[in-house]
Amino acid sequence: MSLLDFSSDAFLVAFFLYCFGFLFYAVAVAGRNWSNRKPEDHLRRWGRIAFIVSVLGFAAHLTFFITRWIGGGHIPTSNMYEFMMFLAMAIMFAFVVVYAIYRKPLLGMFTLPLTVIIVAYASVFPQEVQPLIPALNSYWLRIHVTTAALGEAFFAVGFAAGLMYLLRTVDFKKTDAQSRRDQRWVEFTLYVIVIIVAFIGTVFAFRGVDYKASFIQEIVSIDSKGIESTTTETVEYSMPPIFKPYNSQNIEVQSFLGMKEPLFETPSWMHGVNAARKLNTIVWSILTGSILYGILRLALRRRLGAAINPLMDGIDEEDLDEISYRAIAIGYPIFTLGALIFAMIWAYIAWSRFWGWDPKEVWALITWLYYTAYLHLRLSRGWHGKKSAWLAVIGFVVVMFTLIGVNLVLVGLHSYAGV
Amino acid sequence: MLSFQNTKCECGHQNPIGTVLCENCGKPLEEAEEAGKDTPLEMRYDGIARRSQKSNPGIIDRVWNFFSSVKIAVRLIVITLLAAIVGTIFTQENAFVSFDPSTYYEEKYGWIGKVYYELGLSNTYESWWFIGLLVMIGTSLVICSLDRVLPLYRALSKQQVRKHGEFLSRQKTVYTADIKGDEAAWIGGLAEQLKRKRYRVKTDGTALLAEKNRFSRWGPYINHIGLIIFLLAVLLRSIPGWSMDNYISVPEGEVVQIPDTSYYLKNEKFTVDYYTDEELPEGLKGTARAKLYETKAVLYECTANCDDPSVQPELEEVKRHNIIVNDPLSYKGLKAYQFGFDDTPRLKAVNPVLIDKESGKTYGPFELDMRNPKLIYTLGDYTLELRQKYMDFTLDSSGNPTTKSREPNAPAFIFLLKGADLPAEGVPYMYFPKQNDKERFSQDTINGETGKRFEIKVPSMEGVAFTGAITSLNVRTDYAMPYIWVGAGIFMFGVLIGTYWQHRRIWLRIDEGRLLLGAHTNKNNYGMRADVASALRGIGIDIEPKSLDNGGNKS
């Protein structure tokens, strides 16, 4: 067995340990009122088991990382799969650090699923070890990417604690305008998380049945001299085409639940890279996500937030506020160092300028400005608690856009990290 | 009405206007207080009066007051953030080497692209308003810091040990108890515990002040200084002479002057390596994945004849370096980076002959170098005088010959052919060394009658030389870089001491057997409570840290 195969196995072990860790956290929290023990004892016991399992998962993840490094010959942070895997590992590390400070086991109940989702999302991308292109062949790849990811991991823990704070404090029984607005937004946040889970599920479901559809697309372009030229391109889908590419013919469309033909055509004004396939994937994710959300609602007979809220009883909300702030305050210097300063040093060595307003650079700056504003707002009255928790949640959306959105939506020099 | 405010505290201290907590004893000054009696105190900047809190603001004071507000600073940050987002919607102009922005955005993105371009958003980060925002943030950094740091420094360096009771009871971490036995001994015991936790302890009778990590309070000001240096360094770069940014293309084996300098660079060899199929994973096999771009470069400095184009300059080798991506050549602040390459073969020189088709005689061959041709070629009875050369021949929109680039992609030469049997002023003859150009631009038609009698052609591939690969290098100087790094370093240092350490203070006083303890930290009340609880545990008082929380736990 080669080192890289061993590495993949280690990852599988880590993945299952994380899932079990999450499960045990859920048992610790949900089970405390119907177990025979005193609730505090139950919580302590299962919280410890869950923490140990999570740390074992982290160890397996670390094994995956190190063996892949040795087997691949370079640090595995050079494409989207490897980066997301590293980010998930960094989140676990940040979780352990924050846990060591605050000893709040319940933080794991939200960090673990976040890690699982990110790891699963990483697996959507091609997983082969790719040899480095010259631009990445530098020891700064190790320094810049790892430090930036570690900073972002602390922001992720801040997000988890912020979300917990909201689920703990937003009262799902009240009906006044303010409470209803809070309830709606918390529910929306959960809905988005369900859609992301559904996206990953859908990708793997269709990959499992080996679904394929392909089209030949005619692209008409007008060059600078006004001459029209037509090129054709084959577009491959791995999900049944709800939307087919604009101006395209079917080559092969496997039937799915009696659906043999694409239902719609992508509008002509969407002409980014792979616009049609992305649109199709997004529509599928929203569709399956909404179905999944509907099933959950039916099973629970109430809103997801209202179902989670009682589980959070007895957790000190001010501790959550503090943990969220602290995690961000710890992450901020690391993020600044990794995503801006080390990035500038590397950019100066590799691209001859320390700053070039490349979209990825700008979004790193936006993330930094965002958390700078957050830290300044924390100085003033009235920006603690709920507002601060929302800022932590939105902040993580900004982080994720910087990491993934920029590569999917915008173009730029960091394109090697793309899909 | 601020001028009538009574700022004299009951302890007798005269405070400046705007003071929230008496500078001397810490008693809340009621007039300045907004919140109620039972809430924890507003301890920001230790309740000092900031410079901006003056009674009669003039114009300068008003500007100062505007920029000294943290709220304004946050707004500036948020506006800059939004502006930066807008700039990433469409690709910025500087991302392209050559294109026409006035039509590009509309063609690529439709009407919205046109609006984007016309609003100047395609150059967001160079726009006056974006730079204006950065300058305003810089101003805010300076003024916010100055407004607070000096009064705060004053307040922290002359602290009273015995504080007002209300000051203590309204801290966020509070502990009260009745003390039995010797008060001085009790305080001594606690002081010992606190010293063990690396607090600096001062006592004043039955009052105590323990403090640690005061330096962390300077973190924010230090990081602001770092940012200011950074921003100034960025501004410095726009001063002429502080930075240079040039691109040079150097064919293999040739020496090229770096524009605006006395340096010359030679490309001894350029290599590009691709990964072999064995090194590539399944999905990438068969694709050309670059492994290495390398220019073996030699840098020369001109020592004599530098400004006279008619004489060969004298060059002295100063540096030799194999430039690869991520490893530029660096010499006295000048850096040459691997930027790109072009390995399509181009003509370097040909050895054509002149044929007189009427007599069947050939003259020559002569060596015609593409880049540096001689001006006159004497070929037996005839001479060729070079009149014009085009490296990359094309016809412009009005039909006149012109050249698209300086690379010999489609070289063309116009000679004046002179000889005894030809008119004295000579006859023009146009020559395209490449066969496909000759046909494409119909050399024979251009040359007309002359072309029917004479022909310049290459008799064999012998003597046809091609240039090696061309490397393109980005040559830069950036004298502001050290200041950029120093600014960034100071910023990091400030942020680190400001976030990873926290200023913690514990005050206590015992009045007739009644202990009153208050503790304050600028960040991390959780850690503050743990410190107090652990010190109390050290002298036998077991207490849950959380129970020290005086409510309003806003870290």
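Higher on the page you've got the structure.
In every chain, residue numbers begin from 1 and rise along the written sequence. All chains are assigned letters beginning with A, and all ligands numbers beginning with 1, in the order in which they are written. Side-chain atom pairs in this predicted model are given and counted only at pLDDT of 80 or more, local residue features only at pLDDT of at least 70, and totals for whole chains, interfaces and linings cover all residues. Here the side-chain values reflect all heavy atoms present in the structure, with hydrogen atoms and water set aside.

*Asks:* Run through the state of the cysteines, naming residues and quoting values.
*Replies:* Throughout this description, disulfide means a covalent bond between two cysteine sulfur atoms. All names here are of chain B. Here, a disulfide means two cysteine sulfur atoms that sit within 2.5 Å of each other. Taken as a whole and assessed by the stated rule, the structure comprises one disulfide over all chains. Shown here is the disulfide that connects Cys302 with Cys306, its sulfur atoms set 2.0 Å apart. What sets the handedness of the Cys302 and Cys306 disulfide is the S-S torsion sign, and at about -110° it is left-handed.

*Asks:* An account of the sheet that holds strand 7 (residues 290-304) of chain B is requested, with residue identities and associated values reported.
*Replies:* Residue and element names in this part refer to chain B. Strand pairing requires that DSSP identify at least two bridges connecting the strands. Starting at the N terminus, helices and strands are each numbered in turn, a helix being any DSSP run of H or I of at least four residues and a strand any DSSP run of E of at least two. Spatially, four strands are ordered 5-6-7-8 in an open sheet, and the strand pairing comes out antiparallel. One side of each edge strand has no neighbouring strand; the edge strands of this open sheet are strand 5 (255-257) and strand 8 (314-324). Between one strand and the next, the sheet's axes are offset by a mean angle of 25°, whatever the strand orientation. Pairing of strand 7 with strand 8 involves 10 bridges; the strand directions are antiparallel. Paired with Ala304 across the bridge in strand 8 is Glu314. With axes taken as lines fitted to C-alpha atoms, and helix axes fitted only over the stretch in contact, angles between N-to-C directions fall between 0 and 180 degrees.

*Asks:* How would you summarise the pattern of salt bridges if you had to cite specific residues and measurements?
*Replies:* Residue and element names in this part refer to chain A. Every case where a carboxyl oxygen of Asp or Glu lies within 4 Å of a side-chain nitrogen of Lys or Arg is listed as a salt bridge. Within this structure, the stated rule accounts for 34 salt bridges over all chains. With a shortest N-O distance of 3.2 Å, Lys104 and Asp319 are connected by a salt bridge. Within this pair, whereas Lys104 is found in the loop between helix 3 (80-102) and helix 4 (107-122), its partner Asp319 is found in helix 9 (residues 317-350), the two being separated by 215 residues in sequence. Of the residues examined, Lys104 reaches a relative accessible area of 29% and is grouped as partly exposed. Among the residues examined, Asp319 registers a relative accessible area of 6% and is labelled buried. The salt bridge partner of Lys386 is Asp182, with a shortest N-O separation of 2.6 Å. Note that Lys386 is positioned in helix 11 (residues 386-409) and Asp182 in helix 6 (residues 177-208), a separation of 204 residues in sequence. Of the residues examined, Lys386 reaches a relative accessible area of 30% and is grouped as partly exposed. Only protein chains enter the accessibility calculation, which uses a 1.4 Å probe. A residue is then buried if its area is under 20% of the maximum for its type, exposed if over 50%, and partly exposed in between.

*Asks:* Can you break down the interface of chain B and chain A residue by residue, with the values?
*Replies:* Between chain B and chain A, the residue contacts involve 68 residues of the former and 57 residues of the latter. Note that Lys546 of chain B is salt-bridged to Asp319 of chain A, the shortest N-O span being 3.5 Å. Polar contact criterion, stated in full: a pair of N or O atoms within 3.5 Å, where within protein one must be able to donate a hydrogen and the other to accept it, and residues adjacent in sequence count only if both atoms are side-chain atoms. For the pair chain B and chain A, the interface holds 14 residue pairs in polar contact (both at pLDDT 80 or more). Note on contacts: a residue pair qualifies if any of its non-hydrogen atoms lie within 4.5 Å across the two residues.

*Asks:* So what's going on with the nonpolar core? Which residues, and what values?
*Replies:* Counting 171 residues, the largest nonpolar core has Met84, Trp368 and Met400 of chain A as its most contacted members. Trp368 of chain A has contacts with Tyr332, Phe335, Thr336 and Leu340 of chain A together with Leu227 and Phe491 of chain B, leaving out every residue within four places of it along the chain. As used in this record, nonpolar core signifies buried Ala, Val, Leu, Ile, Met, Phe, Trp, Tyr and Cys residues forming a set joined through side-chain atoms within 4.5 Å. Residues Leu208, Ile506, Leu508 and Ala535 of chain B belong to the second largest nonpolar core, which totals 25 residues.

Limitation: the analysis is restricted to geometry and does not speak to function.
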